[in-house]
Structure formats: structure tokens, C-alpha cells
Amino acid sequence: MKVYGFDWSGPSRGDLMAAQVDAVDLEFGMDAIAANLDWEFASRSFKEAKETLLKAMTESGADPELIQAARRYKASYVPEV
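Treat the numbers as computed from the prediction; the structure is a model and nothing was measured. Going along each chain's sequence as written, the residues are numbered from 1 onward. Local features are withheld for residues below a pLDDT of 70 in this predicted model, meaning they are given only at 70 or higher, and side-chain atom pairs are given and counted only at 80 or more; totals for whole chains, interfaces and linings count all residues. Values reported for side chains reflect all heavy atoms of the structure, with hydrogen atoms and water molecules removed beforehand.

Chemist: Give me the packing of aromatic side chains: which residues, what numbers.
Modeler: The way to describe two aromatic rings as a pair is by their centre distance and the angle between their planes. Pairing of aromatic side chains requires ring centres within 6.5 Å, counting the rings of Phe and Tyr and the six-membered ring of Trp. Pairs whose planes differ by under 30 degrees are stacked, by over 60 edge-to-face, and all others tilted. This model, assessed by the stated rule, comprises 3 aromatic pairs. Considering the side-chain rings of Phe6 and Phe41, the 5.7 Å spacing of their centres and the 25 degrees angle between planes classify their relative orientation as stacked. Taken together, the positions of Phe6 in strand S1 (residues 2-6) and Phe41 in strand S3 (residues 41-43) put the pair 35 residues apart, joining distant regions of the chain. We note that Phe6, like Phe41, is buried. Ring centres of Tyr73 and Tyr77 lie 6.5 Å apart, and the angle between their planes is 75 degrees; this geometry places the pair in the edge-to-face category. The helix and strand labels rest on DSSP assignments: H or I over at least four residues marks a helix, E over at least two residues marks a strand, and numbering proceeds from the N terminus. Accessible area is worked out with a 1.4 Å probe on protein chains only. A residue is then buried under 20% of its type maximum, exposed over 50%, and partly exposed in between.

Structural data, given as C-alpha cells:
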């Protein structure tokens, strides 16, 4: 199953990542999956991950051009790690 999220530097760079995880790992929750991937946030939903990234970018005062670029992100653009 594919999950989307970002690491500690994601909000400053405007980067989302994706990873394949075993469905059985979902039993442990998304926080455990994020910790296992060394991410700050993880979600099965691209939309939720993107919204959370945009919120974190806005709160941290990221460059407005990076925020605009992140708004245009599509799931197919996200690199899988």
C-alpha cells in the first residue's frame, strides 16, 4: 500500500515523498509508519498529506513561491523512496 508524507525538512523544501508499506503495517497506525520511515507525517491519502504539508509550510513561513509550487503538486509527481 502506498503512503505519502514528508520528513522534518519537507515544509522548508516543499517536498512530499511516497513509500510502499505492507498492509499489515497499517495495524500499527500512521504515526508508527511515519516513525519507521523517519518522517514527520504519513498518510494513506495524498490529499491529506498535501494539505498537511501546505499548512506546515504556511506556519513555518516558507517562501510563497514554494507554497505555490506545492499547491500544484500531483500524486504522480511524488518520488517513491
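After that view of the structure, there is still more to cover.
Chemist: So, the side chain of Ser43: which residues are in play, and what are the values?
Modeler: Inspection of the secondary structure assignment puts Ser43 in strand S3. What qualifies as a polar contact is a pair of N or O atoms within 3.5 Å, subject to a donor-acceptor requirement within protein and to the restriction that residues adjacent in sequence count only when both atoms come from side chains. A polar contact is formed between the side chain of Ser43 and the backbone nitrogen of Ser45, at a distance of 3.0 Å. Aside from chain neighbours lying at most four places away, what touches Ser43 is Val3, Tyr4, Met30, Glu48 and Ala49. In what follows, residue pairs with any heavy atoms lying within 4.5 Å of each other are defined as contacts.

Chemist: Talk me through unusual backbone geometry; I want residue IDs and the actual numbers.
Modeler: Even without being a glycine, Asp38 presents a positive backbone phi close to 65 degrees. Locating Asp38 in the fold gives a position in the loop between helix H2 (30-37) and S3.

Chemist: Could you give an account of the nonpolar core, with specific residues and numbers?
Modeler: Side-chain atoms within 4.5 Å link the members of a nonpolar core, which is a set of buried Ala, Val, Leu, Ile, Met, Phe, Trp, Tyr and Cys residues. Counting residues in each nonpolar core, the largest one holds 15 residues, and the members touching the most others are Tyr4, Leu16, Phe46, Met57 and Val78. Only S1, helix H3 (46-60) and helix H4 (64-71) provide two or more residues apiece to this core. The element best represented in this core is H3, accounting for 5 residues. Setting aside anything within four residues of it in sequence, one finds Phe46 in contact with Tyr4, Leu16, Tyr73, Lys74, Ala75 and Val78. Core analysis: the next-biggest nonpolar cluster, separate from the first, contains 8 residues, Ala19, Val21, Ala34 and Trp39 among them.

Chemist: A description of the pattern of salt bridges should follow, citing residues and the corresponding values.
Modeler: What makes a salt bridge here is a side-chain nitrogen of Lys or Arg within 4 Å of a carboxyl oxygen of Asp or Glu, nothing more. Tallied over the entire structure, the rule returns 3 salt bridges. Residue Lys2 is joined to Glu80 by a salt bridge in which the shortest nitrogen-to-oxygen separation is 3.4 Å. Of this pair, Lys2 sits in strand S1 while Glu80 sits in the segment after H4, and the two are 78 residues apart along the sequence. For Lys2, a relative accessible area of 30% corresponds to the partly exposed category. With relative accessibility at 45%, the residue Glu80 sits in the partly exposed group. In this structure, Arg13 and Asp15 form a salt bridge, with 3.1 Å as the shortest nitrogen-oxygen distance. In this structure, a network of salt bridges that share partners links the residues Asp7, Arg13 and Asp15.

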